Amino acid sequence: MLMNEERKLLVEYGNRLFESNLTKGTGGNLSIYDRKTGYMAITPSGIEFHKTHTEDIVILTLDGKVIEGDKKPSSEWQMHANVYKNREDINSVIHAHTLFASIFACLRESILPSHYMLEVAGGEVRCAEYATFGSKELADNAIKSMEGRKAVLLANHGILAGEKDIANAFNVIDEVEYCANVYYRARSIGKPYIIDDEELKVLEKKFENYGQIK
């Protein structure tokens, strides 16, 4: 099979999403892009993560041509492909319906940096304009609002995150969800202090060598 190691990683991290309560059922999708071949490995549509096997992973081009696999690729394949076309710093993308990030997505509000760990995503996580799931419009809206960031909220939907590899993409999803939880709870009892732009620039420098999974 093509991209055998990538297939194993997608199955592994799909299970991690489920086991870490970062999503449920079929709520989300993962992909890895090989820039040498131009092929993207992506999880299939409609199969629960804990029931997904390596042979279920679909290999396709960024234009949607299936190269290998007998399953339908995730309905959000265009959103993943759009990230790879526009962001050379990202080679793995994870989309999930994490609880607290989804709450802010339903409010159509950004997650503001009340906790310094949000810097793993580049600071404020903006919310993209609403579009129907699986549409090119959603893919375009997501990449626009993701500019300069490693994550973006999808209005009334969930979160999308990307990084240089799948381990770091998972770390972004995990940390953003934690920060969204903190921000939600802080807002429920008061007005959280937001880290100012000057300090965010300091954090950006510190995060160049901190929190990256090697």
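One can find the structure itself at the top, above this paragraph.
Residues numbered from 1 in each chain as written. Predicted model: local features only at pLDDT ≥ 70, side-chain atom pairs only at ≥ 80, totals over all residues. Heavy atoms only, no water.

(A) Structural context of the sheet that holds strand 7 (residues 151-154). A sheet is described by the order of its strands in space; here 8 strands give the open sequence 4-3-2-1-5-8-7-6, paired in mixed fashion. In the strand order of this sheet, the two ends are held by strand 4 (66-68) and strand 6 (127-128), each with one partner. Here strand 1 (residues 28-34) pairs with strand 2 (residues 39-42) via 4 bridges, running antiparallel. Within the sheet, the bridge partner assigned to S31 lies in strand 2 and is I42. Lying over the sheet, helix 3 (residues 99-107) contacts strand 6, strand 7 and strand 8 (158-163), oriented at roughly 60 degrees with respect to strand 7. (Pairing = 2+ DSSP bridges. Helix = DSSP H or I, 4+ residues; strand = E, 2+ residues; numbered from the N terminus. Contact = heavy atoms within 4.5 Å. Axes fitted to C-alpha atoms, helices over the stretch in contact; angles between N-to-C directions.)

(B) Spatial organisation of helix 5 (residues 166-189). The first and last C-alpha atoms of helix 5 sit 35 Å apart over 24 residues, in line with the 34 Å expected at 1.5 Å per residue. Where helix 5 begins, the side chain of D165 points an oxygen toward the backbone nitrogen of A167, at a separation of 3.4 Å. (Expected span 1.5 Å × (residues − 1). Polar contact = N/O pair within 3.5 Å; in protein donor to acceptor, adjacent residues only side chain to side chain.)

(C) Just the nonpolar core, in detail. With 44 residues, the main nonpolar core has L17, I111, L153 and V176 as its most contacted residues. Looking at this core, the elements with two or more residues in it are helix 1 (4-19), strand 1, strand 5 (92-96), helix 3, strand 7, strand 8, helix 5 and helix 6 (197-206). Per-element accounting of this core gives the leading share, 10 residues, to helix 5. The next biggest cluster of nonpolar side chains, apart from the first, holds 22 residues, and it includes L60, Y84, A142 and V152. (Core = buried A, V, L, I, M, F, W, Y, C linked by side-chain atoms within 4.5 Å. Buried < 20%, exposed > 50% of the residue type's maximum accessible area, 1.4 Å probe, protein only.)

(D) Fine view of the pairing of strand 1. Counted residue by residue, strand 1 has 6 buried out of 7 residues, so it is predominantly covered. Pairing geometry for strand 1 and strand 5, over 5 bridges, is antiparallel. Looking across to strand 5, one finds that L30 is bridged to I94. Between strand 1 and strand 2, which pair antiparallel one after the other, the connecting turn spans 4 residues, and G38 there sits at a positive phi close to 80 degrees.

(E) Local environment of the pattern of salt bridges. Evaluation of the coordinates by the stated rule reveals 11 salt bridges. As a salt-bridge pair, E208 and K205 come within 4.0 Å of each other at their nearest N and O atoms. Relative accessible area serves as the criterion here: at 47%, E208 is assigned to the partly exposed category. Among the charged side chains, a salt-bridge network with shared partners connects D56, D70 and K71. (Salt bridge = Lys/Arg side-chain N within 4 Å of Asp/Glu carboxyl O.)

(F) Fine view of the side chain of T52. Turning to its location among the elements, T52 is positioned in the loop between strand 2 and strand 3 (58-61). A polar atom in the side chain of T52 sits 3.0 Å from the backbone oxygen of E48. In contact with T52, other than residues within four places in its own chain, are V11, P44, I47 and I57.

(G) Seen up close, the environment of I32. By the element assignment, I32 lies in strand 1. A C-alpha to C-alpha distance of 19 Å links I32 and D140, two positions 108 residues apart in sequence. Apart from the residues lying within four places of it in its own chain, the contact partners of I32 are M3, E6, L9, L10, Y39, M40, A41, Y84, N91, S92 and I166.

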